[in-house]
Amino acid sequence: MRIARALLIVWFGVLVALSSARADMEPFVNPPEVRSVDGLLEVTLVAEETAYTIGDRQARTAIYNGIYAGPTLRVKPGDTMRITLVNHLDQPTNIHYHGMTVSPLYNGDNVRLYIYPGETFVYEIKIPEDHPPGLFWYHSHLHGISQYQVMAGLSGALIVEGMLDPFPELAGITEQNIVLKNLMLDDDGELANIIDYVDPGIRSVSGQVNPVIDIRPGETQFWRISNQSANMYYRLRLDGHTMQVIGYDANRTTHLVPTDEYLLGPSSRIEVLVTGGPEGTYAFRTESVQGGPSFDIFPGTVLATVVSKGPAETPIAITSPWPEVPEPAELPVDEHRTVVFSVSDNGSFLVNNQTFDINRVNFHIPVGNVEEWTIRNASDGLHIFHVHQTDFQIVSINGEPVPFEGLYDTITVPLRSEVKIVIPFNQEIMTGAFVFHCHILEHEDKGMMGIVQVYDPDNPDFAALPGWAATVNTAMNWVGFDLRDLPSDMLADLIGQEAASAYTIGNALCVAPS
């Protein structure tokens, strides 16, 4: 009788815990999606100051289409994205398609474009047929104000279908698109001018504050987790569960990688399988992160509440053969380079002792090169290295070899440490000028960024100059001109004969004058 009574008390406690977890808490909802149709994703993104509610706060910040989490764009390899950006802000903006191996030229993934207030611009991006699947994201990338525009909310998830295709046993499982952002507001609900990470503000999950994620005991779900914060680190845990990593930065792993805790830096993504634990309530949380003795402290908090309940399911075991993941470090290395991140006494953030200059190319690289880069952190705080248009293999950290588990497009470099990576610049579509930088956007805005120019050895001028022509064209469009309207001799005088020829052949930009 005592045993039965004790069991009844325990069961009643579970019911109370479950009901209290649901009381006054929103159920988790994936952000709204736009999908490609017949090989074309066509969408208009309006960047505009918008009033909205987040948690128990009223906010007014710059977001896309009135959605703080941002619309999710869902495409397939081989698709074309035609994205019309309408700038209703009082400052310039643009869009970067983070992690995508697509062209950085013209109206592609060209972060040197300035889309001015009142201007409309059409991005047209062809995704290669063999593009890897996974979780990418898009965000503002205007140097000098990237931190504030991304923190305001100008970002969203971008999914290339196919991550689970090799595993038919996982077909149809529930997918959770978990977009992590933090928002720092002043007393008027507008973006704070002073950033204080001791009080990190509102940390949200797909635009919600501590929502409830439902799962059944034994159920296998697919969680896509993106850190779309400007500067924030997350040390992720799901209490009582082990997450099985299937992808880093939209790159499938070499095998399922179990983790109880994962440090997710700004801009990084992981895709994991989660199997529901015994019936109960669990916290999906971030533990505290110390950025360094003189850098930011990111305190811990509960991000979402996971409720396991309902009829139990049998956990899914992957029995299909795992696809092979090519290892760049097995290829011959054509060049060795060193990138040093440091901070000057006056607070400038440096790459190889220089702040960013849009007119300086740091590295000229012939397409086809495989290179080993040493990324050295000469400061007393964390930095996170990111390079556009390609991925890399992490070879070692402070001389210790790192087992190959897949590719990345970001890597946190511990303070006073160095990381060696191997980068394949071996796809023709990446020909052009693009950037590498620290993806703590405060650091990038203050100068911690450089330019890579990947060129065709048979036509070296073509790689660099069209990107500059695109930047000039955007500025001219702001005052009502377009490079295509200029006579060929005047165009040659402005940007050089080689660039003029390449630009004319490319017929590059699709600009709708305001």
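Residues numbered from 1 in each chain as written. Predicted model: local features only at pLDDT ≥ 70, side-chain atom pairs only at ≥ 80, totals over all residues. Heavy atoms only, no water.

Some remarks on the overall build of the protein chain
Cut-off, in case you're wondering: Secondary structure elements are taken from DSSP: a helix is a run of H or I of four residues or more, a strand is a run of E of two residues or more, and numbering for both begins at the N terminus. Relative accessibility decides the category of a residue: with a 1.4 Å probe and only protein chains considered, values under 20% of the type maximum give buried, values over 50% give exposed, and everything between is partly exposed. The criterion used for residue contact is that any of the two residues' heavy atoms lie within 4.5 Å. Accessible surface is estimated by sampling points in the Shrake-Rupley manner with a 1.4 Å probe; for residues, cover comes only from the protein chains shown.
Scanning the protein chain from N- to C-terminus turns up 6 helices and 34 strands. Across the 514 residues that make up the protein chain, the buried fraction comes to 56%. Restricting to contacts in the protein chain with at least 6 residues of sequence separation, those with at least 24 account for 77%. When the accessible surface of the protein chain is summed, it comes to about 20500 Å², and 53% of that surface belongs to carbon and sulfur atoms.

As for the nonpolar core
Going by this rule: Nonpolar cores were defined as sets of buried Ala, Val, Leu, Ile, Met, Phe, Trp, Tyr and Cys residues, with membership established by side-chain atoms within 4.5 Å.
Core analysis: the biggest nonpolar cluster contains 58 residues, and Trp223, Ile225, Phe284, Trp373 and Phe385 have the highest contact counts within it. A total of 4 residues in this core trace back to one element, the largest contributor, which is strand 31 (residues 417–425). If we ignore the near neighbours within four places in the chain, the residues touching Phe385 are Phe341, Trp373, Ile375, Phe392, Asp409, Thr410, Ile411, Ile421, Phe436 and His437. Core analysis: the next-biggest nonpolar cluster, separate from the first, contains 45 residues, Ala47, Leu113, Ile127 and Ala152 among them.

Overview of the packing of aromatic side chains
For the record, the criterion: The aromatic pairing rule takes the rings of Phe, Tyr and Trp, using the six-membered ring of Trp, and pairs them if the centres are within 6.5 Å, calling planes under 30 degrees apart stacked, those over 60 edge-to-face and the rest tilted. When the NZ atom of lysine or the CZ atom of arginine is within 6 Å of a ring's centre and also within 35 degrees of its normal, the charge is said to sit over that ring.
Applying the stated criterion across every chain yields a total of 18 aromatic pairs. Counting every residue linked through ring pairs, the aromatic cluster contains Phe341, Phe363, Trp373, Phe385, Phe392, Phe425 and Phe436. Sitting over the ring of Tyr68, Lys181 keeps its end group 5.0 Å from the ring centre.

So, the confidence of the model for the protein chain
Test applied: Residue-level confidence of the predictor is summarised by pLDDT, bounded by 0 at the bottom and 100 at the top.
Per-chain confidence: the protein chain averages 87 in pLDDT, with 83% of residues scoring 70 or above. Confidence drops under a pLDDT of 50 for residues 1–21, and excluding neighbours within four residues, the segment shows 12 contacts in the predicted structure. Scored below 50 in pLDDT, residues 490–514 makes 53 contacts in the model with residues more than four places away or belonging to other chains.

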